[in-house]
Amino acid sequence: IACGKNVPEKIEQIVSGVCEGCVQAGAALIGGETAEMPGFYPEDEYDLAGFSVGVVDKSKVIDNKRTNPGDVIIALPSSGVHSNGFSLVRKVFDVENSDIKKPVDALSGNSIGQTLLTPTKIYVKPVLKLIDEVDVKGISHITGGGFYENIPRMLPEGVHAVVKKNSYEVPAIFKLIAEKGDIAEQMMYNTFNMGLGMVIGVDPADVDKTMKLLEEAGEKAYIVGELTEGEKGVTLC
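Residues numbered from 1 in each chain as written. Predicted model: local features only at pLDDT ≥ 70, side-chain atom pairs only at ≥ 80, totals over all residues. Heavy atoms only, no water.

## Points about the environment of K60
To keep things clear, this is the line we draw: Secondary structure follows DSSP: runs of H or I at least 4 residues long count as helices, runs of E at least 2 residues long count as strands, and numbering of each begins at the N terminus. Using a 1.4 Å probe on the protein chains alone, a residue whose accessible area is under 20% of its type maximum counts as buried, one over 50% counts as exposed, and one in between counts as partly exposed.
If you trace the backbone, K60 turns up in the loop between β3 (46–47) and β4 (72–77). Residue K60 is classed as exposed on the basis of its relative accessible area of 58%. Sequence-wise, K60 and I131 are 71 residues apart; in three dimensions their C-alpha atoms are separated by 9.4 Å.

Right under this line is the structure:
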């Protein structure tokens, strides 16, 4: 953590949030450093950077070699915008000069600020449980680059993903961003998670079991598409 002024109460809040993320992910917070840098950062600003590292047996690595046409795409919902696309979000809502604490009808009475600060969902525990029970063929975390850049990561050459847009409800915040920013649909799906934070590829025979296991883990999963023969990439329909 680098900051213009070390305010212990603020640093405690930041570290508490990191710790909560570690608990949700089953990870250990090994260490860190707090650097007070007056003159480089304004007093009320801070910069937070970190990384995670893990080990997996080579035999358990999930790559795209067994992903085949006919496999089904199952998705887990996001909790909101997560942590990608905020440069565009800040511009769309002009957050520096707008009242983002005002209730908004389109957001069920929540403010833009509240909605954008919804913590990013962490999928580690339900997905690890799923991997223990089902032959998961591919996984893509929908982060920066949205559907178009992330889903192909789980695809081998010659396999194409077809995602049905109406297979789930896109959260209101994304509709508001698109409307207020006059952003084209293709750009929205190439920037934001659009309500889906992770997609998983499984054999058709494992769909029911996958849906049941995710539901038991407290996840509302959606069957959003399938894999077909074709050029590596994604089609939304």
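## Let's talk about the pattern of salt bridges
Short version of the rule: The salt bridge criterion pairs a side-chain nitrogen of Lys or Arg with a carboxyl oxygen of Asp or Glu, the two atoms within 4 Å.
Here the structure, examined in full by the defined rule, presents eight salt bridges. The partner of K121 in a salt bridge is E219, with the nearest N and O atoms 2.9 Å apart. With K121 in the loop between α3 (112–116) and α4 (124–133) and E219 in the loop between α8 (207–216) and β8 (222–229), this residue pair connects regions lying 98 residues apart in the sequence. Relative accessible area serves as the criterion here: at 25%, K121 is assigned to the partly exposed category. Given the relative accessible area of 10%, E219 is considered buried. A salt bridge links D203 to K137; the shortest N-O distance between them is 3.8 Å. Of the two residues, D203 is situated in the loop between β7 (196–202) and α8 and K137 in the loop between α4 and β5 (138–141); the sequence distance between them amounts to 66 residues. Its relative accessible area of 27% is what places D203 among the partly exposed residues. Connected through shared salt-bridge partners, D71, K137 and D203 make up one network.

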